[in-house]
Structure formats: C-alpha cells, structure tokens
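Each chain, letter by letter, is given below.
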Amino acid sequence: MASNNVPAVLAAGSGMGVGQSDDLLSKLLDATRLVGALQTEIKHLNSELSSLKASHLEEVKASQSENADLLRRMRDQAHDATKLSEEVTKRYGEAVKRYEEAITILKASREADKPILRQIDK
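Since the model is a prediction, treat every value here as computed from it, not as a measurement.

A. Focus on the overall build of the protein chain. Summing up its helical and strand segments, the protein chain has two helices and zero strands in all. Accessible area of the protein chain: about 10,800 Å², with a carbon and sulfur share of 60%.

B. Main features of the pattern of salt bridges. Tallying each qualifying case throughout the model produces five salt bridges. Arginine 33 is paired through a salt bridge with aspartate 30; the nearest N and O atoms lie 2.9 Å apart. Highlighted residues: arginine 33 and aspartate 30, both in helix 2 (residues 18-121), separated by three residues, approximately one helical turn. In this structure, glutamate 87 engages arginine 91 in a salt bridge whose closest nitrogen and oxygen atoms are separated by 2.9 Å. Of this pair, glutamate 87 and arginine 91 both sit in helix 2, four residues apart, roughly one helical turn.

What counts, and where the lines are drawn
- Residues numbered from 1 in each chain as written.
- Predicted model: local features only at pLDDT ≥ 70, side-chain atom pairs only at ≥ 80, totals over all residues.
- Heavy atoms only, no water.
- Helix = DSSP H or I, 4+ residues; strand = E, 2+ residues; numbered from the N terminus.
- Areas by Shrake-Rupley, 256 points an atom, 1.4 Å probe, with all protein chains shown as cover.
- Salt bridge = Lys/Arg side-chain N within 4 Å of Asp/Glu carboxyl O.

Right, here's the structure in full:
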C-alpha cells in the first residue's frame, strides 16, 4: 500500500502533479535497472579481464621457457661448432703435414731416380 502512495507523496512534497511524480518514479526505476545492468556488465568485463591477464601470463611464461630452451640449444650448438672447428683445424694441419712429407719423399725419390734415368738415357 505504501508503494501506491509514493507518487502522491512525491507530488505533495515537490509541488508536482501525480502524473509528473509517476513519470519521475518510472525514470528512477529505469535508472536503477540500468545501474544494475551496468554493474553486472562491469563484473563480467572484470572477470574477462582477469581471465585474459591469466592467459597472457601463461603465454609469457611459456614463451620465456621456450626462449630459455632455445638459448640453451644455441649455446650447445655453438659449443659443438667450436669443437668441430677445432677438430677440422687439427685434421687440416695433419693433412698439410702429410702432404709436405709426401712432397719431400717425392723429391727424394726423383733425386734417387736421376742416376738411373741417366743410365737409361745413355
């Protein structure tokens, strides 16, 4: 019953007519509903934002982990490449040494063959 008298009480206290107070009460109720809807939407958006933040944080952590793994693999590959380079340099040095020894033997062999070749030519 008190709710039926609200427009009349508003009208009497404000100098408005009953129709105007009904309109004002209707607008007030509409505004209250709108505020409630906005609060619900804000809660929903905050929830989505929290979810997005958590998802982004997980992505960042995963990316950091992947980057750390990649860095470890690159470091290991650089170490392996250094070892391989050292091995290639060592083998190259050995090959050069064998080549020089072969040249020396070939020259000595030619020198040794000169007297034999001279006799064949005669």
